[in-house]
Amino acid sequence: MSLNFLQAEKHIHDTIVFPAFDLTIHTGEVAAICSNVNVREQLIDILLGKKLLSNGEIQYVDSKKLAFFFLHEGLHERLTVQEFLKFYHQLYQSTQTIEDVTRLVQLDAKKNKKIKDLTYSEKKRAQLAYILIQNAQIYIMEEPDQNLDAESKRILIAVLNELRKLQKTVLVLTSHLETAVTVADKIIRLDDKGMHEVQTEEENQEEVQNETITQNEIEEKIVQPIRFEKIPTKVNDKIVLFDPPEIDYIESTEGQTFLHIKGENFPCTFTLNELEERLLPFGFFRCHRSYIVNLQKVREVITWTRNSYSLVLDDALKSSVPLSKTKMADLKGMLGLK
């Protein structure tokens, strides 16, 4: 069962929340809409039937076939995991077995533990089990990986892979591009300017061929002498200069480049390609078509699936940056790993 947005538009009085857009999410597909909190909340209320679109429509067969994973979900804290799932198993007359679901979210060892005694990440896994018990056709997930520990993120991705296999339709609503890149097959940005599809595939073969360089050229790049230079950004009317080692990572979104430094981001006039070349001598690495990372700030390399990886930084926020499959091979080579 697909989920279709047809010229879907929302405005409040004279303010456009999002202009008309078309989007189809097919069965067996996980799509992500990256937006601000206001757009996300409006979409959720519309899908819940609490609010109406200003124009257009959203097509799906039956509202009872929708399951929601909310960022803030109140669970029955006094019940054990087993009692909690048994209640909803009977309520939804589910064909999913409680044993299979608890095993998938890896709560089988905690099934006799009260929900109030679980950690935050374990509670979110119980919430995952709850929506799986519903055996819906379409799943709407709000910030599903926010504040999860690494193990629970792996479990979330395993659940999404299982939903793909079962030919379910999944829409992830998030404010974080890194979340979308990690979990989704299709990514769009939605704001008051409209819908913009985010390209996640690596450059096509023609682009790769055009960018092919010889081994000698690679070596020349690697052994070039270190340069000392500042990276300029503009804050209000001031030009602020940063030393490369200060930068944690760099992100490009909708044609704008941002430097991420100590939890703040600063716009930069250089493109990602220009910054990649300028920062190579300082130990920066193009880990994804939309990201450059300071390798000196990387603490962990996490494998979510065979094709999905992230770099966790050693900063106050423990920032996570996507690592593409082809760049993973390059990184292993740089680190001397097989």
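Residues numbered from 1 in each chain as written. Predicted model: local features only at pLDDT ≥ 70, side-chain atom pairs only at ≥ 80, totals over all residues. Heavy atoms only, no water.

## Considerations on the overall build of the protein chain
- When helices and strands are tallied, the protein chain shows 10 helices and 19 strands.
- A buried classification covers 46% of the 338 residues belonging to the protein chain.
- Contacts spanning at least 24 positions in sequence make up 63% of the contacts within the protein chain whose residues lie at least 6 apart.
- Put simply, the protein chain shows about 18,200 Å² of open surface, and 48% of that area lies on carbon and sulfur atoms. (Helix = DSSP H or I, 4+ residues; strand = E, 2+ residues; numbered from the N terminus. Buried < 20%, exposed > 50% of the residue type's maximum accessible area, 1.4 Å probe, protein only. Contact = heavy atoms within 4.5 Å. Areas by Shrake-Rupley, 256 points an atom, 1.4 Å probe, with all protein chains shown as cover.)

## Here we look at helix H9 (residues 272-279)
- Among the residues of H9, those classed as buried are Leu272, Leu275 and Leu279. The buried residues of H9 occupy an angular sector of 60° when the element is viewed end-on, so they sit on one face. (Arc of directions from axis to C-beta.)

## Some thoughts on the pattern of salt bridges
- Overall, the coordinates contain 17 salt bridges when judged by the stated rule.
- Residue Glu142 pairs with Arg40 through a salt bridge whose shortest N-O separation is 3.2 Å. Taken together, the residues span a long stretch of sequence, with Glu142 in strand E6 (residues 138-142) and Arg40 in helix H1 (residues 37-48) at a distance of 102 residues.
- For Glu142, a relative accessible area of 10% corresponds to the buried category.
- On the basis of relative accessibility, which here comes to 6%, the residue Arg40 falls in the buried class. (Salt bridge = Lys/Arg side-chain N within 4 Å of Asp/Glu carboxyl O.)

## Digging into the sheet that holds strand E1 (residues 3-12)
- Here three strands make up an open sheet; going across it, the order is E2-E1-E4 and the pairing antiparallel. Edge strands, defined here as strands with exactly one partner in the open sheet, are strand E2 (15-25) and strand E4 (55-59). Recorded for the sheet is a direction-independent mean angle of 20° between the axes of neighbouring strands. (Pairing = 2+ DSSP bridges. Axes fitted to C-alpha atoms, helices over the stretch in contact; angles between N-to-C directions.)

## Description of the packing of helix H4 (residues 120-134) against helix H5 (residues 150-165)
- At a closest axis distance of 10 Å, the pairing of H4 and H5 adopts a crossing angle of 10°. When the interaxial angle is binned, H4 and H5 end up roughly parallel. Residues Ser121, Arg125, Leu128 and Leu132 of H4 form the contact with H5, whose own contacting residues are Ser152, Ile155, Leu156, Val159 and Leu163.
- For the contact of H4 with H5, the class distribution of residues is six nonpolar, two polar and one charged. (Parallel < 35°, antiparallel > 145°, perpendicular 65-115°, else oblique. Nonpolar A, V, L, I, M, F, W, Y, C, P; charged D, E, K, R; others polar.)

## Concerning the environment of Phe70
- Topologically, Phe70 is positioned in the loop between strand E5 (66-69) and helix H2 (81-91).
- The spatial distance from the C-alpha of Phe70 to the C-alpha of Pro144 is 7.7 Å, given a sequence separation of 74 residues.
- Among residues more than four places away in sequence, those in contact with Phe70 are Ile44, Leu48, Lys124, Gln127 and Glu142.

## A short note on a nonpolar patch on the surface
- On the surface, Phe87, Leu91 and Tyr92 cluster together into a nonpolar patch covering about 300 Å² of accessible area.
- Among the secondary structure elements, Phe87 is positioned in helix H2. (Patch = residues over 30% accessible without salt bridge, like charges linked within 9 Å, V, L, I, M, F, W, Y side chains within 5 Å.)

## Focus: the pairing of strand E3 (residues 29-34)
- The element E3 is largely enclosed, with a buried count of six among its six residues.
- Residues of E3 alternate between two faces, with Glu29, Ala31 and Ile33 on one and Val30, Ala32 and Cys34 on the opposite face, all of them buried.
- For E3 and strand E7 (residues 169-174), the ladder comprises six bridges, and the chain directions are parallel. Directly across from Ile33, in E7, lies its bridge partner Leu173.
- Relative to strand E8 (residues 186-191), E3 runs parallel, the two sharing four bridges. The residue of E8 that forms the bridge with Ala31 is Lys186.

## As for the confidence of the model for the protein chain
- Per-residue confidence for the protein chain averages 87 on the pLDDT scale, and 89% of its residues sit at or above 70.
- pLDDT under 50 marks residues 201-215. Its contacts with residues more than four places away, or in other chains, come to seven contacts.
- Considering only residues more than four positions removed or in separate chains, one finds that residues 218-226, a stretch of pLDDT under 50, has seven contacts. (pLDDT = per-residue confidence, 0-100.)

## So, empty space enclosed by the protein
- Enumeration according to the criterion identifies one cavity of 30 Å³ or more in this entry.
- In this structure, the largest cavity encloses a volume near 40 Å³.
- Lining the largest cavity are Asp145, Lys153, Leu156, Ile157, Glu178, Thr182, Val183, Trp304 and Ser310.
- For the lining of the largest cavity, the secondary structure elements donating two or more residues are H5 and helix H6 (177-183).
- Its residues assigned to classes, the lining of the largest cavity shows four nonpolar, two polar and three charged. (1 Å grid on protein atoms, 1.4 Å probe; cavity = no way out; pocket = protein on both sides within 12 Å on 5 of 7 lines; lining within 4 Å. Points joined across faces, edges and corners; volume = space filled by probe spheres on them.)

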